[in-house]
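Given next are the chains, with one letter for each unit.
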Amino acid sequence: MERHQHKEVTEFIVHHREEFQNKLLSEAKEVANKISDILQSGNIDLLKNAEKMVTYVVEGKENELISFAKQEGVAWAEHSLTLTLKLEWVHAIRRTLWYYLFQYDQQNTHGLNISDYRLKVFEMEKRINDGIDKFLNSFFISYSIYKDELLNAQRKMVEHLSVPIIPISPYIAVLPLIGVIDIYRIHTIEVKVLMDISSLKIRTLIMDLSGITDMDIDVIHHFQRVLSGISLMGCEAVITGLRAELVRKMIHLDVSFDEYAATKGTLQQTMTEYFTTNAMESI
């Protein structure tokens, strides 16, 4: 198709907009049932956006098409719309577009010999399919990037909340840790601990490990470095509640926390001891 013909095709589709939309909805029945909900919940006008996509594809506006696909990807990811619905919708757009291209050809290709007509159809097919494939590729990449960033932000928030440093006096705080500490979480602990020691002016940090089910070798070594960092911040680290399984692993690895931290039995005993000491010092 020549450039002026591309414009003619889009004008033909716009001229038959209502019929085009009805045909599109009949091709995507699952989406058609949810089109009002999608508009209401995500402010996404599927029919208007379908026409915009068709215009960019037919007229070969690649930059506009890719930019639009990226916007669509973010919008669908942001409102948790499924990829299954998007695929059904785009395939319905493809089928409907081909139907109207055929209708246009029926009215505008009189006089072409069979060879020219075949060449025209081949070029048209390549242009349309390439355009739609580029749209889908850009859409999926944008959708995936947004979802990954969202999941990463949510994970960071959860990990941040899983390091609850609790001040129990002006200079003493408790950090109860539970669950499995992996290499990602120990990095979060490192950042949170050192930042809070600085901002809260903590002099003693009691770290209760009674809820820790396991640590692998790399995490144990990294935990040692965290204790070293606490010491460098001028803060005393106290570890309570070391479980027998973790202690056995440390023995086999010839690892100890004694150089950088005091170790106590239970959190309750430790807090009683520190509060008693503080009370006596204040008399």
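Residues numbered from 1 in each chain as written. Predicted model: local features only at pLDDT ≥ 70, side-chain atom pairs only at ≥ 80, totals over all residues. Heavy atoms only, no water.

Colleague: Help me understand the overall build of the protein chain in this model?
Modeller: In terms of regular secondary structure, the protein chain is built from twelve helices and five strands. The proportion of buried residues among the 283 residues of the protein chain is 39%. Residue pairs at least 24 apart in sequence account for 79% of intrachain contacts in the protein chain once pairs closer than 6 positions are excluded. Just so you have it, the protein chain exposes about 16,000 Å², and 54% of that area is on carbon and sulfur atoms. (Helix = DSSP H or I, 4+ residues; strand = E, 2+ residues; numbered from the N terminus. Buried < 20%, exposed > 50% of the residue type's maximum accessible area, 1.4 Å probe, protein only. Contact = heavy atoms within 4.5 Å. Areas by Shrake-Rupley, 256 points an atom, 1.4 Å probe, with all protein chains shown as cover.)

Colleague: Is there a simple way to explain the nonpolar core in this structure?
Modeller: One broad rule of soluble globular proteins: the nonpolar side chains tend to lie buried together. In this structure, Met 53 and Trp 89 are the most contacted members of the largest nonpolar core, which totals 41 residues. Among the secondary structure elements, those contributing two or more residues to this core are helix 1 (3-15), helix 2 (17-27), helix 4 (35-42), helix 5 (46-58), helix 6 (62-78), helix 7 (83-108) and helix 8 (114-161). At nine residues, the largest contribution of residues to this core is made by helix 7. For Trp 89, the residues in contact, after removing those within four places along its chain, are Leu 24, Leu 25, Ala 28, Val 31, Leu 46, Leu 47 and Ala 50. Counting 30 residues, the second-largest nonpolar core is a separate cluster that includes Ile 165, Ile 181, Ile 202 and Met 215. (Core = buried A, V, L, I, M, F, W, Y, C linked by side-chain atoms within 4.5 Å.)

Colleague: Is there a simple way to think about the sheet that holds strand 4 (residues 236-240) in this case?
Modeller: Within a sheet, adjacent strands bond to each other through the backbone by hydrogen bonds, running parallel or antiparallel. Across the sheet, which stays open at both edges, the five strands sit in the order 1-2-3-4-5 with mixed pairing between neighbours. Edge positions in the open sheet fall to strand 1 (166-167) and strand 5 (261-264), since each of these has one partner strand only. With five bridges connecting them, strand 3 (residues 204-215) and strand 4 associate as parallel partners. Its bridge partner being in strand 4, Leu 205 is matched across the sheet by Ala 237. Along the sheet, helix 9 (residues 183-200) makes contact with strand 1, strand 2 (172-181) and strand 3, crossing strand 2 at roughly 175°. The strands touched by helix 10 (residues 217-232) within the sheet are strand 2, strand 3, strand 4 and strand 5, with strand 3 carrying the most contacts at an inclination of about 180°. (Pairing = 2+ DSSP bridges. Axes fitted to C-alpha atoms, helices over the stretch in contact; angles between N-to-C directions.)

Colleague: Just checking my understanding: could you explain the side chain of Thr 96 for this structure?
Modeller: Along the chain, the position of Thr 96 falls in helix 7. Residue class for Thr 96 comes out buried when judged on its relative accessible area of 0%. In contact with Thr 96, other than residues within four places in its own chain, are Phe 20, Lys 23, Leu 24 and Glu 27.

Colleague: What exactly am I supposed to notice about the pattern of salt bridges here?
Modeller: Side chains that differ in charge, positive against negative, can pair when their charged atoms come close. Under the defined criterion, the tally for this structure stands at twelve salt bridges. For Glu 51, the salt bridge identified is with Arg 17, shortest N-O distance 2.7 Å. With Glu 51 in helix 5 and Arg 17 in helix 2, the pair connects residues that are 34 residues apart, well separated along the chain. A residue is classified by how much of its surface remains accessible, and Arg 17, at 37% relative accessible area, is partly exposed. Between Lys 86 and Glu 72 there is a salt bridge whose closest N-O contact spans 2.6 Å. Residue Lys 86 is found in helix 7, and its partner Glu 72 is found in helix 6; the two are separated by 14 residues along the sequence. For Glu 72, a relative accessible area of 6% gives the class buried. The network of salt bridges with common partners includes Lys 7, Glu 59 and Lys 61. (Salt bridge = Lys/Arg side-chain N within 4 Å of Asp/Glu carboxyl O.)

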